[in-house]
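What follows is the residue order along each chain.
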Protein chains: 2
Amino acid sequence: MKKADLKVMIVDDEPDILEFLSFALAREGYQVETAADGMEAYSIALKYQPHLFILDIMMPQMDGVELCAKLREHELFQDSLIAFLTAKSGDDTEVEALDMGADDYIHKPIKPKVFVSRINALTRRLRKKKTNDAGAKNFGRLIINHEKFEVKLDGVAIALARKEFELLRLLTTKPGKVFSRQEILNKVWGVDVIVVDRTVDVHVRKLRGKIGSEFIKTLKGVGYKFTF
Amino acid sequence: MKKADLKVMIVDDEPDILEFLSFALAREGYQVETAADGMEAYSIALKYQPHLFILDIMMPQMDGVELCAKLREHELFQDSLIAFLTAKSGDDTEVEALDMGADDYIHKPIKPKVFVSRINALTRRLRKKKTNDAGAKNFGRLIINHEKFEVKLDGVAIALARKEFELLRLLTTKPGKVFSRQEILNKVWGVDVIVVDRTVDVHVRKLRGKIGSEFIKTLKGVGYKFTF
DNA sequence: ACATAACTTCATGATTTTATAATATATAAT
DNA sequence: ATTATATATTATAAAATCATGAAGTTATGT
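Residues numbered from 1 in each chain as written. Chains lettered and ligands numbered in written order. Predicted model: local features only at pLDDT ≥ 70, side-chain atom pairs only at ≥ 80, totals over all residues. Heavy atoms only, no water.

**A look at the sheet that holds strand β2 (residues 31–35) of chain B**
Residues and elements named next belong to chain B.
Okay, step 1: Reading across from one edge, β2-β1-β3-β4-β5 is the order of the five strands in this open sheet, with parallel pairing throughout. The strands lining the two open edges of the sheet, one partner per strand, are β2 and β5 (104–107). Along the sheet, successive strands turn relative to each other by an average axial angle of 20°, direction set aside.
Okay, step 2: Pairing analysis gives five bridges linking strand β1 (residues 7–11) to β2, with the strands arranged parallel. Note that in β2 the partner of Met-9 across the bridge is Glu-33.
Okay, step 3: Across the sheet, helix α4 (residues 91–99) touches β4 (81–86) and β5, and the angle it forms with β5 is around 150°. (Pairing = 2+ DSSP bridges. Helix = DSSP H or I, 4+ residues; strand = E, 2+ residues; numbered from the N terminus. Axes fitted to C-alpha atoms, helices over the stretch in contact; angles between N-to-C directions. Contact = heavy atoms within 4.5 Å.)

Here it is in structure tokens:
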């Protein structure tokens with residue numbers, strides 16, 4: 001996963017700091033979202049689902065430590081990274097924050113260069129992973145998750161019927177390889193099922209209608225192939 | 001994985017510090033090994049295969065930054081945690097260390113309490129891996145307490161029959177994953193029990209009646225999945 | 001032993017998926 | 001350009017699948 005695929009949420013009640021940090025991380029390539037308070041942050045986070053949170057401690061309504069605790073309770077954020085960035089001194093606060101589930105506790109003031117290096121160090125393990133989604137296969141604009149039985153085009157989920165999904169699954173096992181209709185029938189329908197050749201065409205048509213027609217190419221007289 | 005299963009290697013050329021840190025981490029339950037220099041550390045590490053390294057920077061023969069680089073080159077230590085603990089000031093060193101692959105850079109002097117919290121925070125993800133099955137899981141509106149055998153929807157307790165609870169538990173082990181009826185029967189009923197497929201449908205229906213129908217989705221011809 | 005709850009199976013109708021046939025369009029060969 | 005052939009598209013009938021209600025069966029607690 002690249003930095004461009006990583007979503008960072010910065011929570012601080014001082015607009016200047018928000019802007020400053022956003023700028024620094026956006027320049028690194030991260031996707032950045034901001035919030036000015038813990039409450040606001042939590043409700044945005046439920047939708048935005050950040051990979052990394054950068055939290056101030058002292059904020060109106062809900063402070064950073066509370067937010068951290070609340071995030072860690074939720075299944076969605078079990079694997080998210082949480083870093084505090086604060087001017088608040090005191091070892092007890094730091095211990096509390098770390099014991100609560102924070103991954104780093106960064107003291108202000110800090111040089112941008114150092115800050116960015118720390119953030120990069122935190123996200124390094126996420127970046128090393130191949131895909132966003134465990135078990136998902138990535139074909140450019142198209143992501144296929146076999147376990148979830150789900151296909152995403154440009155991040156948008158597309159509902160496929162079973163045969164459509166299985167046809168797509170077969171074709172994507174070997175991108176570029178041409179599958180004859182007979183081979184498709186054997187592998188998707190099974191050797192004992194008797195189905196007319198043209199049926200494959202209809203399913204290809206339906207697939208194209210849903211995922212777009214650029215992925216599946218027809219080779220006249222031969223069969224179909226998947227490319228991306 | 002528990003702390004007792006985690007091997008930590010501390011590398012510092014001052015015996016007092018080695019002893020001090022060893023004591024602190026051993027008391028936490030970690031297995032601790034020490035070395036006084038980068039060279040020595042590397043050769044021991046090849047056999048000992050630590051999960052976490054705590055490195056001083058200034059040492060004779062091979063310094064901490066060199067050692068870090070050398071470790072990261074080796075396949076064995078790709079996933080190991082590396083933390084620097086040093087009195088050396090200077091942002092450039094910190095940036096260099098972090099960019100080289102270090103996971104944390106801790107400044108001396110530091111209180112033992114804070115040091116231990118930071119180390120615990122670093123190893124948390126390793127420790128979490130297998131301890132995850134018990135306790136409560138939070139899926140937004142739905143909270144499932146596996147130990148208490150209790151489900152709450154918007155804070156209100158809901159009484160589930162055993163099969164209903166176990167079905168929900170299975171589905172929530174992997175939110176998003178599609179479970180076929182056969183898989184559900186095998187995992188909830190057991191492989192030797194003979195029950196008709198449709199039975200699963202009836203239990204899903206009862207579950208939906210109690211927790212609402214938005215959590216469990218049907219994939220026609222495939223199975224059911226939990227989403228939140 | 002009784003009452004109650006939990007579980008399984010079956011039947012029905014609604015809905016979705018699938019296969020096929022019919023027709024239109026595209027492609028390659030002559 | 002014409003023809004033959006393969007494929008695309010649309011419509012529709014058939015089949016598969018599921019939600020639901022109800023009835024029968026087994027387990028559990030009092």
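**What to know about the protein's contact with DNA strand D**
Okay, step 1: Surveying the vicinity of DNA strand D reveals 23 residues, the closest of which are A:Arg205, A:Thr218, A:Gly221, A:Tyr224 and B:Thr218.
Okay, step 2: Counting only atoms of DNA strand D within 4 Å of the protein, the fraction found in sugar and phosphate groups is 81%.
Okay, step 3: At 3.4 Å, a side-chain N or O of A:Arg181 approaches a phosphate oxygen of DNA strand D.
Okay, step 4: Side-chain polar atom of B:Tyr224 to a phosphate oxygen of DNA strand D: 2.8 Å apart, as the coordinates give it.
Okay, step 5: Where the surface near DNA strand D is concerned, the elements lending two or more residues are α8 (198–211) and β11 (216–219) of chain A together with α8 (198–211) and β11 (216–219) of chain B. (Near = heavy atom within 4 Å. Polar contact = N/O pair within 3.5 Å; in protein donor to acceptor, adjacent residues only side chain to side chain.)

**Some words on the sheet that holds β11(B)**
All names here are of chain B.
Okay, step 1: One open sheet holds the three strands; their spatial order is β10-β12-β11, and the pairing between them is antiparallel. Two strands in the sheet have a free side with no partner beyond their single neighbour: β10 (178–179) and β11.
Okay, step 2: The sheet contact formed by β10 and strand β12 (residues 223–226) spans two bridges and is antiparallel. Its bridge partner lying in β12, Phe-179 is registered against Tyr-224.
Okay, step 3: This element, helix α6 (residues 162–173), spans β10, β11 and β12 of the sheet and lies at about 75° to β12.

**Quick word on the protein's contact with DNA strand C**
Okay, step 1: Around DNA strand C sit 23 residues, and of these A:Trp189, B:Ala161, B:Trp189, B:Val196 and B:Thr199 come closest.
Okay, step 2: Of all DNA strand C atoms lying within 4 Å of any protein atom, the proportion belonging to sugar or phosphate reaches 79%.
Okay, step 3: Between A:Val196 and DNA strand C, the recorded distance is 2.8 Å, taken from a backbone N or O atom to a phosphate oxygen.
Okay, step 4: Residue A:His203 places a side-chain N or O atom 2.8 Å away from a phosphate oxygen belonging to DNA strand C.
Okay, step 5: Within the residue set of the surface near DNA strand C, elements represented by two or more residues are α6 (162–173) and α8 of chain A together with α6 and α8 of chain B.
Okay, step 6: Among the elements that make up the surface near DNA strand C, the one with the highest residue count is α8(A) (four residues).
Okay, step 7: Taken together, the residues that form the surface near DNA strand C break down as 12 nonpolar, four polar and seven charged. (Nonpolar A, V, L, I, M, F, W, Y, C, P; charged D, E, K, R; others polar.)

**Things to note about the domain arrangement of chain A**
Okay, step 1: Structurally, chain A comprises domain 1 (3–132) and domain 2 (136–226).
Okay, step 2: A C-alpha centroid distance of 41 Å is found between domain 1 of chain A and domain 2 of chain A. (Domains from an automatic or database assignment.)

**A closer look at the interface of chain A and chain B**
Okay, step 1: With 34 residues of chain A at the interface, the matching set in chain B holds 40 residues.
Okay, step 2: Of the roughly 3,100 Å² buried between chain A and chain B, counting both surfaces, carbon and sulfur atoms make up 42%.
Okay, step 3: Our enumeration of links across chain A and chain B arrives at 12 salt bridges.
Okay, step 4: Salt-bridge contacts for A:Arg125 lead to B:Asp103; the nearest nitrogen and oxygen are separated by 2.3 Å.
Okay, step 5: Counting every contact that joins chain A to chain B gives 32 residue pairs in polar contact (both at pLDDT 80 or more).
Okay, step 6: Elements represented by at least two residues in the side of chain A that touches chain B include exactly α3 (64–73), α4 (91–99), β5 (104–107) and α5 (112–128) of chain A.
Okay, step 7: The element best represented in the side of chain A that touches chain B is α5(A), accounting for eight residues. (Buried area = accessible area lost by both parts, 1.4 Å probe. Salt bridge = Lys/Arg side-chain N within 4 Å of Asp/Glu carboxyl O.)

**Things to note about helix α1 (residues 15–28) of chain B**
Residues and elements named next belong to chain B.
Okay, step 1: Along its 14 residues, α1 runs 20 Å from first to last C-alpha, staying within 8% of the 20 Å computed at 1.5 Å per residue.
Okay, step 2: Along its buried surface, α1 packs onto β1, β2, β3 (52–55), β4 and α5 (112–128).
Okay, step 3: After α1 finishes, the residue Gly-29 shows a positive phi value of roughly 115°. (Expected span 1.5 Å × (residues − 1).)

**Details of the pairing of β12(B)**
Okay, step 1: By the alternation rule, side chains of β12(B) split into B:Gly223 and B:Lys225 and B:Tyr224 and B:Phe226, which are all buried.
Okay, step 2: Adjacent in sequence and paired antiparallel, β11(B) and β12(B) are bridged by three residues, among which B:Gly221 carries a positive phi angle near 85°. (Buried < 20%, exposed > 50% of the residue type's maximum accessible area, 1.4 Å probe, protein only.)

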